[in-house]
Amino acid sequence: MDALDRALLRELQDDARQTNRELAARTGVSPSTSLERVRLLRERGVITGYHAAVDLEAVGRPVQALISVRIRPPARPVIEGFREWAAQLPEVIGLFVTSGPHDFLIHVAVPDVNGVYAFVIDRLTERREVADVQTTMAYEHVQPRRIEPAAERPAAARRKR
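Worth saying up front: this structure is predicted, and the values here are computed from it rather than measured. Chains are numbered independently. Their residues run from 1 in the order of the written sequence. The model is predicted, so local features are restricted to residues of pLDDT at least 70 and side-chain atom pairs to those at 80 or more, both for listing and for counting; the totals for chains, interfaces and linings are taken over all residues. Only heavy atoms go into the side-chain values, all of them from the structure, while hydrogens and water stay out.

Chemist: Hey, could you run me through the packing of helix H2 (residues 20-27) against helix H3 (residues 31-43) in this one?
Modeler: The axes of two packed helices give the description: the angle between them and the distance between them. Only C-alpha atoms enter the line fits that serve as axes; for helices the fit covers just the stretch in contact. Angles between N-to-C directions range over 0 to 180 degrees. Elements are defined by DSSP. Helices are runs of H or I of four residues or more, strands are runs of E of two residues or more, and each kind is numbered from the N terminus. Running from N to C, H2 and H3 cross one another at 100 degrees; their axes reach a closest spacing of 8 Å. By the angle between their axes, H2 is roughly perpendicular relative to H3. Contacts between H2 and H3 pair Asn20, Arg21, Leu23 and Ala24 from the former with Pro31, Ser34, Leu35 and Val38 from the latter. The residue makeup of the contact of H2 with H3, split by class, is five nonpolar, two polar and one charged. Roughly parallel here means an angle under 35 degrees, roughly antiparallel means over 145, roughly perpendicular means 65 to 115, and every remaining angle is called oblique. Should any heavy atoms of two residues lie within 4.5 Å, those residues are considered in contact. Side-chain classes are defined by residue name, with Ala, Val, Leu, Ile, Met, Phe, Trp, Tyr, Cys and Pro counting as nonpolar, Asp, Glu, Lys and Arg as charged, and the others, Gly among them, as polar.

Chemist: Explain the pattern of salt bridges to me, please; I cannot follow it from the model alone.
Modeler: The working definition used for a salt bridge is a side-chain nitrogen of Lys or Arg within 4 Å of a carboxyl oxygen of Asp or Glu. Going through the model one piece at a time under the given rule, you end up with 13 salt bridges. As a salt-bridge pair, glutamate 43 and arginine 39 come within 2.2 Å of each other at their nearest N and O atoms. Residue glutamate 43 and its partner arginine 39 are located together in helix H3, separated by four residues, close to a single helical turn. Here glutamate 43 falls in the exposed class, since its relative accessible area comes to 56%. Put simply, aspartate 103 and arginine 72 hold a salt bridge, and the shortest N to O gap is 3.8 Å. Of the two residues, aspartate 103 is situated in the loop between strand E2 (92-97) and strand E3 (104-110) and arginine 72 in the loop between strand E1 (63-71) and helix H4 (76-87); the sequence distance between them amounts to 31 residues. Among the ionic contacts, a cluster of salt bridges with common partners joins Asp2, Asp5, Arg37 and Arg44. Three exposure classes are used, based on accessible area relative to the maximum for each residue type with a 1.4 Å probe and protein chains only: buried under 20%, partly exposed in between, and exposed over 50%.

Chemist: Would you mind showing me how to read the sheet that holds E2 here?
Modeler: Where strands meet in a sheet, backbone hydrogen bonds hold them as pairs that are either parallel or antiparallel. Here the rule is simple: two strands pair whenever DSSP picks up at least two bridges between them. Strands sit in the order E2-E3-E1-E4 across an open sheet of four strands; the sheet is antiparallel. Only two strands of the sheet have a single partner each, and these edge strands are E2 and strand E4 (130-138). Looking at each pair of strands side by side, their axes are set apart by 20 degrees on average, direction ignored. Bridging between E2 and E3 involves five bridges; their strand directions are antiparallel. Residue pairing in the sheet places phenylalanine 96 in a bridge with leucine 105 of E3.

Chemist: Sorry, what's going on with H2 here?
Modeler: Within an α-helix, residues lying three or four positions from one another point in the same direction, as the helix has 3.6 residues per turn. For H2, the full list of buried residues reads Leu23, Ala24 and Thr27. Along H2, the residues classed as buried sweep out an arc of 100 degrees about the axis, all on the same side. Every exposed residue of H2 that faces more than 90 degrees away from the buried side is listed here: Arg21 and Ala25. Close packing links the buried residues of H2 with helix H1 (3-14) and H3. Glycine 28 lies just past H2 and shows a positive phi near 75 degrees. Arc, as used here, means the arc of the directions from the helix axis to the C-beta atoms.

These figures come from the coordinates and say nothing about function on their own.
Dropping the structure here:
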């Protein structure tokens, strides 16, 4: 990943709807170079898609919570089955498989506090494999607009691995 790739990523994360001509102008390259480099970033899996950012309050889901879930027995098929089930729930906007005392951290967005309660009681605790649930209400969710690629390590550091 070179400086041009980084610049293209920054620009696309700021506005993925801009035209290729605009992207090229903002990064100081020709439109054909911009098009080819973005194509390569997609092929390499660096760019995985383009998404519309949604205001949760505007879509009626202003209340967010983080819910830690412990699964028993902690077997791969049980963990994978729960992960697939939970990821499909409409309240879920993020899901992490974690280490430590809990197996999952589920980020939900719902209309109100009663929605959090209903999610925990009516959905999670009805599952036989759910051994423990802890809920933390989120007052605010701040996300960076863009994610910068990690700085490349010097060649000497890569060889020591």
